[in-house]
Amino acid sequence: EHGKKLKALATLAYFDLVTGLPNRRYMESRISTKLVEYKKNLSPFGLLLINILGFKTLNDKFGPEVGDQVLRSVARHIAAGAGPDDVVSRWDGTRFLVMTPNTKKTLLLLLAEKLRPIALRAANMEGSDDVALKVSMAGVINRMDDTTATLKHRLASFLQDSETREGSLVLDEE
């Protein structure tokens, strides 16, 4: 009984209740672990942040139940499209974070180009035709001097750039 309660608490702490994906707290822990591993083995990892634009309009027009269906659909499709070693999470609200190990910029770009249409189709699911959702994306590869905070800052900055460019993909230049 006690073990079941602990497992339930761990699920609440590290997984998103709407999508079933790992949550931000879980991913921040994984990022910290990956940064420590990187300093030992110099195997870089990439982060791809995907945001669904126009979601508030959808939620206002069709209600939170439809909004949750869209989030579950996007989560399912991104997870199915990601690689077997990638970790997909719900970062917050309408944003999803994909961590891909042992990568470089060209591979992160390929993953982004693969996931973008998948996320876009999943976001614009049947029944929500009156609201056209867009997808913005930002990606970074970790650097030797990165911390979880610097990675999050770069991602947030690139995502903002992406959103001002009508949902384009913005990747780290290094």
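The coordinates are above.
First, a word on scope: everything that follows refers to the structure included in this document. (Residues numbered from 1 in each chain as written. Predicted model: local features only at pLDDT ≥ 70, side-chain atom pairs only at ≥ 80, totals over all residues. Heavy atoms only, no water.)

**Describing the overall build of the chain**
Here's step 1: Along its length, the chain carries six helices and five strands.
Here's step 2: When the helices and strands of the chain are listed from N to C terminus, the series reads α-α-β-α-α-β-β-α-β-α-β.
Here's step 3: Against the globule reference of 16 Å for 174 residues, the chain gives a C-alpha radius of gyration of 16 Å, in line with a compact fold.
Here's step 4: The dimensions of the chain, computed from C-alpha atoms along their principal axes, are 50 × 50 × 25 Å.
Here's step 5: With 174 residues in all, the chain has 44% of them scored as buried. (Helix = DSSP H or I, 4+ residues; strand = E, 2+ residues; numbered from the N terminus. Rg over C-alpha atoms; globule rule 2.2 N^0.38 Å. Buried < 20%, exposed > 50% of the residue type's maximum accessible area, 1.4 Å probe, protein only.)

**Quick word on the environment of leucine 48**
Here's step 1: Assignment of secondary structure puts leucine 48 in strand E1 (residues 46-53).
Here's step 2: Classification of leucine 48 as buried rests on a relative accessible area of 0%.
Here's step 3: For the pair leucine 48 and leucine 97, spaced 49 residues apart in sequence, the C-alpha separation works out to 5.6 Å.
Here's step 4: Leucine 48 has contacts with Phe96, Leu97, Val98, Leu108, Leu111, Ala112, Leu115, Met137, Ala138, Gly139 and Leu169, leaving out every residue within four places of it along the chain. (Contact = heavy atoms within 4.5 Å.)

**Points about the packing of aromatic side chains**
Here's step 1: Enumeration over the complete set of coordinates arrives at two aromatic pairs.
Here's step 2: Ring plane angle 75° and centroid distance 6.3 Å describe the contact between tyrosine 14 and tyrosine 26, whose orientation is recorded as edge-to-face. With tyrosine 14 in helix H1 (residues 2-14) and tyrosine 26 in helix H2 (residues 24-41), this residue pair connects regions lying twelve residues apart in the sequence.
Here's step 3: According to the relative accessible area criterion, tyrosine 26 is partly exposed, its value standing at 22%.
Here's step 4: A centroid spacing of 6.0 Å and a plane angle of 35° characterise the contact between phenylalanine 15 and tyrosine 26, whose relative ring orientation is tilted. Of this pair, phenylalanine 15 sits in the loop between H1 and H2 while tyrosine 26 sits in helix H2; the two residues are eleven residues apart in sequence, bridging distant segments of the chain.
Here's step 5: An aromatic cluster of three or more residues is present, and its members are Tyr14, Phe15 and Tyr26. (Phe/Tyr/Trp six-rings, centres within 6.5 Å; stacked < 30°, edge-to-face > 60°.)

**Focus: the pattern of salt bridges**
Here's step 1: Applying the stated criterion across every chain yields a total of eight salt bridges.
Here's step 2: The partner of arginine 90 in a salt bridge is aspartate 16, with the nearest N and O atoms 3.1 Å apart. In this pair, arginine 90 sits in strand E2 (residues 87-92) while aspartate 16 sits in the loop between H1 and H2, placing the two residues 74 residues apart along the sequence. With respect to class, arginine 90 is no different from aspartate 16; both count as buried.
Here's step 3: A salt bridge links aspartate 146 to arginine 154; its shortest N-O distance comes to 2.7 Å. (Salt bridge = Lys/Arg side-chain N within 4 Å of Asp/Glu carboxyl O.)

**Comments concerning the pairing of strand E3 (residues 95-100)**
Regular strands place their side chains on alternate faces of the sheet.
Here's step 1: Here E3 lies mainly inside the structure; five of its six residues are buried.
Here's step 2: As judged from the six bridges shared by E1 and E3, these two strands associate in the antiparallel manner. Bridging across to E3, isoleucine 50 finds its partner in phenylalanine 96.
Here's step 3: Examined bridge by bridge, E2 and E3 share five bridges and lie antiparallel to one another. Pairing of arginine 90 across the sheet is with phenylalanine 96, part of E3.
Here's step 4: Hairpin geometry of E2 and E3 is characterised by an intervening segment of two residues between the two adjacent antiparallel strands and by a positive phi of about 40° at glycine 93. (Pairing = 2+ DSSP bridges.)

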